[in-house]
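Chain residues, written in single-letter form:
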Amino acid sequence: MDLFNQTDLFGSIDNPKTKKFDLPDADVTLFEGFFTKQESDRLYKDLTEKILWQQDQIRFYGKMIDLPRLTAWYGENNKPYTYSGIPMNPHPWTEDLLFIKNRIEKEAGVNFSSVLLNLYRKGKDSVNWHCDDEKELGQNPVIGSVSFGETRPFQLRHLTRKDLDKVDILLTTGSFLLMKGTTQHFWEHQIPKTTREIKPRINLTFRVIA
Ligand SMILES: O=C(O)CCC(=O)C(=O)O
Ligand SMILES: [Mn+2]
């Protein structure tokens, strides 16, 4: 047995499994079971019911169409932010969001100023390839991504290195994915659609607005 294998040493529910991905030009770490099953079930239910979910639209070939997911923006009100061309007016932090934020900040070593929440209601809900590189996020954006509910694959692909394979990361309930360094400059990510019958998933991406 390899005593120094992190995955084994930190594999209990109270000590999350940690996986740092060995990717060029990126700094990506996954903490599985960062929130216990009990915490995750409670937060999934609470966020589903209490967050002010909204249906945003984007212009597509001159027509307004619904985004394939519901979203919500929470955080400090003095930090204006534009996401995919949509100006976001944040709602104030809630108790649940502060609980999650405090826990992940201990690991991330930064103070997050806002969070974008996504609710993927079904398999057809998704987010298309993009980088989180808006200039409000500073030179090297730190993105703290927390998931509750259904497991969905989070895919990463390098923007220019076509010799590198796409990376699939399964984001299970209670997981915390931390992206920092140059990740957003060199890699884009998506949550693909699936035709499978699946349950909803909530994702929270905490951001630092400079
Ligand atoms: O749902 C996810 O895991 C990713 C969401 C995302 O990339 C975003 O909101 O910028
Ligand atoms: Mn993103």
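Residues numbered from 1 in each chain as written. Chains lettered and ligands numbered in written order. Predicted model: local features only at pLDDT ≥ 70, side-chain atom pairs only at ≥ 80, totals over all residues. Heavy atoms only, no water.

### Here's the deal with the overall build of the protein
Test applied: Where helices and strands are cited, they refer to DSSP runs of H or I of at least four residues and of E of at least two residues respectively, numbered from the N terminus. Each radius of gyration reported is based on C-alpha atoms, and the globular scaling rule is 2.2 Å times the count of residues to the power 0.38. Two residues qualify as a contact provided that any one of their heavy atoms is within 4.5 Å of a heavy atom in the partner residue. His is not counted, nor are the chain ends; Lys and Arg add positive charge and Asp and Glu add negative charge. In plain terms, the charge of a residue is placed at NZ if it is Lys, CZ if Arg, CG if Asp and CD if Glu.
On a plain count of helices and strands, the protein comes out with four helices and 15 strands. For the protein, the C-alpha radius of gyration of 17 Å lies close to 17 Å, the compact-globule estimate for 210 residues. Across its three principal axes, the protein shows a C-alpha extent of roughly 60 × 40 × 40 Å. Long-range pairs, those at least 24 residues apart, make up 73% of the contacts in the protein with a sequence separation of at least 6. The distance from the centre of the 29 positive side-chain charges to the centre of the 29 negative ones in the protein is 5 Å.

### Re unusual backbone geometry
Within the chain, D25 stands out as a residue other than glycine whose phi angle is a positive 65°. If you trace the backbone, D25 turns up in the loop between β1 (17–20) and β2 (27–32). Positive phi outside glycine occurs at Y61, with the angle close to 50°. Within the secondary structure layout, Y61 lies in the loop between β3 (57–60) and β4 (63–66).

### A word on the coordination of the manganese ion (ligand 2)
Stated formally: For Na, K and Ca the donor cut-off is 3.2 Å, and for all other metals it is 2.8 Å, counting N, O and S atoms only; because water is absent from this set, sites may look incomplete. Each residue gets one of three labels from its accessible area relative to the maximum for its type: buried under 20%, exposed over 50%, partly exposed in between, using a 1.4 Å probe on protein chains only.
Those protein atoms acting as donors to the manganese ion (ligand 2) are H130 (NE2), D132 (OD) and H189 (NE2), and they sit at 2.1 to 2.2 Å. Sequence spacing among the residues donating to the manganese ion (ligand 2) works out to H-x1-D-x56-H. Of this pair, D132 sits in the loop between β9 (127–130) and β10 (143–149) while H189 sits in strand β14 (residues 187–191), and the two are 57 residues apart along the sequence. Per residue, the accessibility class of D132 equals that of H189, and both read buried.

### Overview of helix α2 (residues 37–50)
Where we set the bar: Any helix carries an expected span of 1.5 Å times its number of residues minus one. Working definition: the arc comes from the directions between the helix axis and the C-beta atoms, pointing outward to the latter.
Given a rise of 1.5 Å per residue, 14 residues ought to cover 20 Å, and the 20 Å separating the end C-alpha atoms of α2 matches this to within 8%. Three or more residues of α2 are buried, namely E39, S40, L43, D46 and L47. Taken down its axis, α2 places every buried residue within 140° of arc, on the same side. Facing away from the buried side of α2 by over 90 degrees, the exposed positions are Q38 and E49. For α2, the elements touching its buried residues are α3 (95–108), β10 and β15 (201–207).

### Structural notes on the nonpolar core
Generally speaking, soluble globular proteins have nonpolar side chains that are buried together. Stated precisely, the cut-off is as follows: We call a set of buried residues a nonpolar core when its members are Ala, Val, Leu, Ile, Met, Phe, Trp, Tyr or Cys and they connect through side-chain atoms within 4.5 Å of each other.
In terms of nonpolar packing, the biggest core is built from 27 residues, with L47, L97, I100, L117, V146, L204 and F206 touching the most fellow members. Listed by contribution, the elements that provide at least two residues to this core are α2, β5 (70–75), α3, β8 (114–120), β10, β13 (175–180) and β15. Take this core: its biggest share by element is four residues, from α3. Leave out the neighbours within four places in its chain, and V146 touches F35, I100, I104, S175, F176, I202, N203, L204 and F206. The next biggest cluster of nonpolar side chains, apart from the first, holds 26 residues, and it includes W73, Y120, F154 and V167.

### Quick word on the sheet that holds strand β12 (residues 167–171)
Here is the rule we go by: Strands qualify as paired when DSSP identifies two bridges or more between them. Comment: axis = line fitted to C-alpha atoms, over the contacting stretch for helices; angle = value between 0 and 180 degrees taken between N-to-C directions.
The four strands are arranged β9-β14-β11-β12 in an open sheet whose pairing can be described as antiparallel. Taken across any chain shown, the strands that pair with only one partner, and hence form the sheet edges, are β9 and β12. Neighbour to neighbour, the strand axes of the sheet diverge by 20° on average, direction disregarded. For β9 and β14, the ladder comprises two bridges, and the chain directions are antiparallel. Within the sheet, the bridge partner assigned to V127 lies in β14 and is I191.

### Quick notes on the site of ligand 1
Worth spelling out the cut-off: Nearness is judged by heavy atoms alone; a residue qualifies as near a molecule or strand once a single heavy atom is within 4 Å of it. Polar contacts, as counted here, are pairs of nitrogen or oxygen atoms within 3.5 Å of one another; within protein the pair requires one atom able to donate a hydrogen and one able to accept it, and residues that are adjacent in sequence qualify only if both atoms are side-chain atoms. Surface exposure here means Shrake-Rupley accessible area, sampled with a 1.4 Å probe, where a residue is shielded only by the protein chains that are shown.
Near ligand 1 you find 14 residues, and of these N118, Y120, H189, R201 and R207 are the closest. Side-chain polar atom of Y120 to an oxygen atom of ligand 1: 2.5 Å apart, as the coordinates give it. A distance of 3.0 Å separates an oxygen atom of ligand 1 from a polar atom in the side chain of H189. Coverage of ligand 1 by the protein chains reaches 99% of its 300 Å² of free accessible surface. Broken down by secondary-structure element, the contributors of at least two residues to the shell around ligand 1 are β8, β14 and β15. The leading source of residues in the shell around ligand 1 is β15, at four residues.

Interpretation note: all reported values are geometric properties and have no functional meaning in isolation.
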